[in-house]
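The residues making up each chain are set out below.
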Amino acid sequence: QVQLAESGGGLVQTGGSLRLSCAASQSIFSFKAMGWYRQAPGSQRELVGAITSGGITNYSNSVKGRFTISTDNAKNTVNLQMNSLKPEDTAVYYCNARVRITPWNDRDYWGQGTQVTVSS
């Protein structure tokens, strides 16, 4: 069973920065991909950005150029550096790890979420 623990959320003013970290209970090399999702009140959970085991990243258009995903293989962590934060970035942020179960099936694991609030 994969366990993910997020940290680094909090309250920040518009234009500020935060860094989220997600520590995995096993080597991140075992994951097909890791990513960050967010969910604002009344909204569906949406992808913020992800990184594959090969190091390929992708981001939602709303955060491209402001957020950066990186991994620390030695610490089994995936990080999300968030710059130029906007009030619309306010949400609960969830870490995700995707494990390939079969060539046709993946399984997703989720952290408990961390609140990010951007004040205007």
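Residues numbered from 1 in each chain as written. Predicted model: local features only at pLDDT ≥ 70, side-chain atom pairs only at ≥ 80, totals over all residues. Heavy atoms only, no water.

## Focus: the pairing of strand 5 (residues 46-52)
Sheet topology places strand 4 (residues 33-39) next to strand 5; six bridges connect them, and they run antiparallel. Directly across from Tyr 37, in strand 5, lies its bridge partner Leu 47. In this structure, the hairpin formed by strand 4 and strand 5 is closed by a connection of six residues, where Gly 42 is found at a positive phi of approximately 80°. Inspection of the sheet shows strand 5 paired to strand 6 (residues 57-59) by three bridges, in the antiparallel sense. Across the sheet, residue Ala 50 finds its bridge partner in strand 6, namely Asn 58. As consecutive antiparallel partners, strand 5 and strand 6 are separated by four residues, and within that stretch Gly 55 has a phi angle of approximately 90°, a positive value. (Pairing = 2+ DSSP bridges. Helix = DSSP H or I, 4+ residues; strand = E, 2+ residues; numbered from the N terminus.)

## Focus on the sheet that holds strand 3 (residues 18-24)
Strand order across the open sheet formed by four strands is 1-3-8-7, with antiparallel pairing between neighbours. Strands with a single pairing partner mark the edges of an open sheet, and in this sheet they are strand 1 (4-7) and strand 7 (67-72). Recorded for the sheet is a direction-independent mean angle of 15° between the axes of neighbouring strands. With six bridges connecting them, strand 7 and strand 8 (residues 77-82) associate as antiparallel partners. Among the inter-strand pairings, Asp 72 is bridged to a residue of strand 8, identified as Thr 77. (Axes fitted to C-alpha atoms, helices over the stretch in contact; angles between N-to-C directions.)

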